[in-house]
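Results of the structural survey
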Amino acid sequence: MKTLHANGALILCLAFTGVPAVILILLGINALWEGRMDEGICSIIGAILFMLLGAFAGLRIYLTHWIRYGDGKVTIRRVSKERVNGRPVGKWENREDTFLLEEIDSYGLSWQVLGQYVEYHRSSGKSLTTERFFQLKDGKRIGYETVYYTRKGEEAFLRYLYEGTGDNIVNKEVM
């Protein structure tokens with residue numbers, strides 16, 4: 001069994017907080033150079049706190065989101081909310097679904113195929129939202145946010161799906 005960890009989420013969070021933190025550090029060094037000790041120390045401490053905040057957010061997603069696949073099975077672990085009429089409903093739930101490859105009726109990108117997302121994720125509503133879904137033969141739909149995973153890991157997972165199901169296009173009945 002292989003595990004696809006949410007490395008992309010960790011990288012994304014560190015990148016979004018890392019750039020401003022570097023700017024703050026440079027401003028702090030400049031302030032120290034010019035003799036404004038209080039301003040320089042505050043800038044550097046702020047940058048460190050900002051980086052810790054980004055690391056914490058990325059680590060939180062990394063630990064709660066993963067995909068385990070192999071031996072004809074797929075397990076998807078994520079945190080999401082239900083969607084009713086396109087709106088999030090209820091509390092954030094830790095979800096873990098396990099299914100066999102032979103149970104998959106269709107899969108693809110939710111918005112492109114269904115015209116809507118299956119679940120509401122922490123990154124939903126932002127420009128980075130890209131959700132992949134699985135529709136099982138019993139009618140159940142399972143979605144996961146693709147931005148949390150690296151491109152290389154996602155490609156390996158999709159290759160596994162293609163080899164296991166023999167199909168990489170969505171079943172037309174879903175639409």
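Residues numbered from 1 in each chain as written. Predicted model: local features only at pLDDT ≥ 70, side-chain atom pairs only at ≥ 80, totals over all residues. Heavy atoms only, no water.

Let's talk about the packing of helix H1 (residues 7-33) against helix H2 (residues 37-64)
Between H1 and H2, whose axes approach to 8 Å, the crossing angle comes to 175°. When the interaxial angle is binned, H1 and H2 end up roughly antiparallel. Here the residues of the contact of H1 with H2 are counted per class, giving 22 nonpolar, nine polar and one charged. (Axes fitted to C-alpha atoms, helices over the stretch in contact; angles between N-to-C directions. Helix = DSSP H or I, 4+ residues; strand = E, 2+ residues; numbered from the N terminus. Parallel < 35°, antiparallel > 145°, perpendicular 65-115°, else oblique. Nonpolar A, V, L, I, M, F, W, Y, C, P; charged D, E, K, R; others polar.)

Focus: the pairing of strand S3 (residues 73-84)
For S3, a buried count of nine out of 12 residues is recorded, marking the element as mostly surrounded by other parts of the structure. Alignment of strand S2 (residues 66-70) against S3, held across five bridges, turns out to be antiparallel. Across the sheet, the residue bridging to Trp-66 is Arg-77, located in S3. Where S2 folds back on S3, the antiparallel hairpin that results is connected by two residues, among which Asp-71 adopts a positive phi of roughly 55°. Pairing analysis gives 11 bridges linking S3 to strand S4 (residues 87-100), with the strands arranged antiparallel. (Buried < 20%, exposed > 50% of the residue type's maximum accessible area, 1.4 Å probe, protein only. Pairing = 2+ DSSP bridges.)

Re the side chain of Gln-135
Inspection of the secondary structure assignment puts Gln-135 in strand S7 (residues 131-136). In this structure Gln-135 comes out as buried when scored by relative accessible area, which is 13%.

Some thoughts on the packing of aromatic side chains
The final tally for this structure, using the stated rule, is 10 aromatic pairs. Centroid distance Phe-134 to Phe-157: 6.2 Å. Interplanar angle 70°. Geometry classified as edge-to-face. Remark: Phe-157 occurs in helix H4 (residues 151-165) and Phe-134 occurs in strand S7; sequence separation between them is 23 residues. Comparing Phe-134 with Phe-157, the two get one shared label, buried. Measuring from centroid to centroid gives 6.2 Å for Tyr-144 and Phe-157, while their planes differ by 70°, and the two rings are edge-to-face. (Phe/Tyr/Trp six-rings, centres within 6.5 Å; stacked < 30°, edge-to-face > 60°.)

A few points about H1
Its 27 residues give H1 an end-to-end C-alpha distance of 37 Å, which sits within 8% of 39 Å, the value for a rise of 1.5 Å per residue. Of all the bends in H1, the greatest, near 30°, is centred on Gly-18, and the proline Pro-20 appears no more than four residues after it. Taken together, the buried positions of H1 are Gly-8, Ala-9, Cys-13, Thr-17, Gly-18, Ala-21, Gly-28 and Ala-31. On its buried face, H1 sits against H2. Downstream of H1 by one or two residues, Gly-35 has phi in the positive range, about 90°. (Expected span 1.5 Å × (residues − 1). Bend = angle between axes of the 7 residues up to and from the residue. Contact = heavy atoms within 4.5 Å.)

A closer look at H4
Helix length check: H4 (15 residues) gives 21 Å between terminal C-alpha atoms against 21 Å at 1.5 Å per residue, within 8%. Taken as a whole, H4 has its buried residues at Gly-153, Glu-154, Phe-157, Tyr-160 and Leu-161. Around the axis of H4, the buried residues are gathered within 120° of arc, so they sit on the same side. Turned more than 90 degrees from where H4 packs its buried face, Arg-151, Lys-152 and Glu-163 sit exposed. Residues of H4 that are buried make contact with strand S1 (2-5), S2, S3, strand S5 (104-109), S7 and strand S8 (141-145). Where H4 ends, the next residue or the one after it, Gly-166, has phi of about 75°, a positive value. (Arc of directions from axis to C-beta.)

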